[in-house]
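# Observations on the three-dimensional arrangement
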Amino acid sequence: MRSFGTTIFAEMSALAAQTGSINLGQGFPDTDGPAAMLDRAVRAVLSGANQYPPGPGLLELRQAVSEHRREHYGLGYDPAGEVLVTVGATEAIAAAVLALCEPGDEVIAFEPYYDSYAASVALAQARLVGVTLRPLGGRFTFDPGELRAAVTPRTRAILVNSPHNPTGTVLTRDELAVIAELCQERDLVAITDEVYEHLTFDGVEHVPLATLPGMRERTVMISSAGKTFSVTGWKTGWVCAPAPFVTAVQTVKQFLTFTAGAPWQLAVAYGLRNETGWVSALRAGLQDKRDRLMAGLSAAGFEVFRPSGTYFVQTDIRPLGFTDGLELCRRLPELAGVVAIPTQVFYDHPERGSHFVRFAFCKKDEVIDEAVTRLKRLSTG
C-alpha cells in the first residue's frame, strides 16, 4: 500500500480548508437528508440501539433492501442469506474483492475509476486492468473490442460502476449486454458499484447488470444509503448476491469492521420504505444544479460533458490553455478560489486523463454560483 499514500480527496479537501476555497472536489452534499429519516436515527440512539447489531446487519434493513430490489428492479434476494449490510459501499467493494480474488488474479475496471478500486485489488494481491472510457457523442463509453482484449486466463472479475464516477456516464442496456456476454462466456464474476442508482437525469434509466439474463447468479450487487439520502457520513451500504458470494464477502467483512452502526441501519430501513418521494425531489434538484454548473463552466471556458447521473461534471481544460489537470487543481485555489479533482489520478494510464477535471454539483445554488463567478477569472485573468 506504500504507493497509495493520501487520497486525492483528502488532499484537495485539506487544500480547500487551508485556502478558504469553495470545495467542488469531494462529492458530499451540503444539505441534509429527509427529516423523518434523521429523526428515526435520533430515536434509535435514544432508545438504546447502541450495541453491536448482528454481523449480517439488522434484519429490518436486510428486509427493506430486499423489498427495494424487488420493487425497483424485479430482483429477488433472500434477506436471510443473500443480503449483507456493510460500512458503506467502499467496504463492500473491498470485502468482495478480497473474498473473491486470489493473489495473481486480474480484475478489470473501467478507467477513470474510483480510487478505492485499485487499493482493494492491491490488498488482494491481484492486478487491476483498466479499460478506458473515452468521450464519444458527448458521453463516455468503452470500446467492446478493448474490453474483450483485456480478458486473459487470469481474469477473475469485472468491476462495473454505473452510474459512473467520475465521468457521469450511465451505461446503456446494450453496453451492459456486452459485459454480460463476456462474463458468461469467460466465467467471470461481476462486482457492481451502483451507489448513484437513483441519481440519474433527463429520464435516463439505470439498469442493474444483475437484471440481464444469466447475470443474477454471477453478480455481486453493491449500493448504499449515502448518496440516495444525502447521508454520506452514515456509511451504511449493502451487498446483494447469491448466498455463496454473500457468505464469502461476510467472512472477510467480519474482520474488517465486524458490523455496521445500528441506529443508521434502522433509519435507512425507514428511508427505503418511506422516502422515495424525497429521493425523486432530490434527483430533480440535482438535475437543476447540474445544469446550473454546466452553464457556468461553459461560460468560464471549459469544454463540458453532460453527465447522465452522479454528482459530477467532467470537463476538458485544454480550451483554457491548460494541459495538466493535477497541476491546475493544485493551483486552482490561488487562481480562482475553487477546489476540484484532477481526473488523471483515476487512470492506470494518467496521460489519457491529464486534460480532464471533475467538479461536484451536489452543493447549494449560491455556492455553485459563487464558484462559477470565481472560475471565470481563468478566462479573463
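All of these numbers come straight from a predicted model, not from anything done at the bench.

With the rule as written, the count across this model stands at 23 salt bridges. With its nearest N and O atoms 3.1 Å apart, the salt bridge here joins Glu-91 to Lys-253. Note that Glu-91 is positioned in helix α4 (residues 88-100) and Lys-253 in helix α8 (residues 243-253), a separation of 162 residues in sequence. Exposure class is identical for Glu-91 and Lys-253. Each is buried. With its nearest N and O atoms 2.9 Å apart, the salt bridge here joins Arg-290 to Asp-291. Among the residues examined, Arg-290 registers a relative accessible area of 0% and is labelled buried. For Asp-291, a relative accessible area of 31% corresponds to the partly exposed category.

Quick look at the packing of helix α3 (residues 59-73) against helix α9 (residues 262-274) now. At their nearest, the axes of α3 and α9 sit 8 Å apart, and the two run at 25 degrees to each other. Here α3 is positioned roughly parallel relative to α9, judged by the angle of their axes. Taken as a pair, α3 and α9 cross one another with a handedness that is left-handed. Of the residues in α9, those in contact with Glu-60, Leu-61, Gln-63, Ala-64, Val-65, Glu-67 and His-68 of α3 are Gln-265, Leu-266, Val-268, Ala-269, Leu-272 and Arg-273. Looking at side-chain class alone, the contact of α3 with α9 contains seven nonpolar, three polar and three charged residues.

Turning to α4, a few remarks are in order. In an α-helix there are 3.6 residues to a turn, and that puts residues three or four apart on one side. Under the 1.5 Å per step criterion, the end-to-end length of α4 is 19 Å for 13 residues, consistent within 8% with the ideal 18 Å. The element α4 is extensively covered by neighbouring structure, given that ten of its 13 residues are classed as buried. Listed as buried for α4 are Gly-88, Ala-89, Glu-91, Ala-92, Ile-93, Ala-94, Ala-95, Ala-96, Val-97 and Leu-100.

Let us look at the domain arrangement of the protein chain. When cut into domains, the protein chain gives domain 1 (8-33 + 276-379) and domain 2 (35-274). Between domain 1 and domain 2, the C-alpha centre-to-centre distance is 25 Å. Contact residues are listed per partner, giving 34 residues for domain 1 and 40 residues for domain 2. Interface area, domain 1 with domain 2, both sides summed: about 3100 Å², of which 57% is carbon and sulfur. For the domain 1 face of the interface with domain 2, the top three residues by lost area are Ser-308, Thr-310 and Phe-346, together amounting to 19%. For the interface between domain 1 and domain 2, the tally reads three salt bridges. Here Asp-202 makes a salt bridge to Arg-306, at a shortest N to O gap of 3.4 Å. Here domain 1 is connected to domain 2 by 18 residue pairs in polar contact (both at pLDDT 80 or more). Listed by contribution, the elements that provide at least two residues to the side of domain 1 that touches domain 2 are α1 (8-19), α10 (276-300), β12 (312-316) and β15 (356-360). If one sorts the elements of the side of domain 1 that touches domain 2 by residue count, α10 sits on top with eight residues.

Each value, and the rule that gives it
- Residues numbered from 1 in each chain as written.
- Predicted model: local features only at pLDDT ≥ 70, side-chain atom pairs only at ≥ 80, totals over all residues.
- Heavy atoms only, no water.
- Salt bridge = Lys/Arg side-chain N within 4 Å of Asp/Glu carboxyl O.
- Helix = DSSP H or I, 4+ residues; strand = E, 2+ residues; numbered from the N terminus.
- Buried < 20%, exposed > 50% of the residue type's maximum accessible area, 1.4 Å probe, protein only.
- Axes fitted to C-alpha atoms, helices over the stretch in contact; angles between N-to-C directions.
- Parallel < 35°, antiparallel > 145°, perpendicular 65-115°, else oblique.
- Left-handed = near helix turned anticlockwise from the far one by under 90°.
- Contact = heavy atoms within 4.5 Å.
- Nonpolar A, V, L, I, M, F, W, Y, C, P; charged D, E, K, R; others polar.
- Expected span 1.5 Å × (residues − 1).
- Domains from an automatic or database assignment.
- Buried area = accessible area lost by both parts, 1.4 Å probe.
- Polar contact = N/O pair within 3.5 Å; in protein donor to acceptor, adjacent residues only side chain to side chain.

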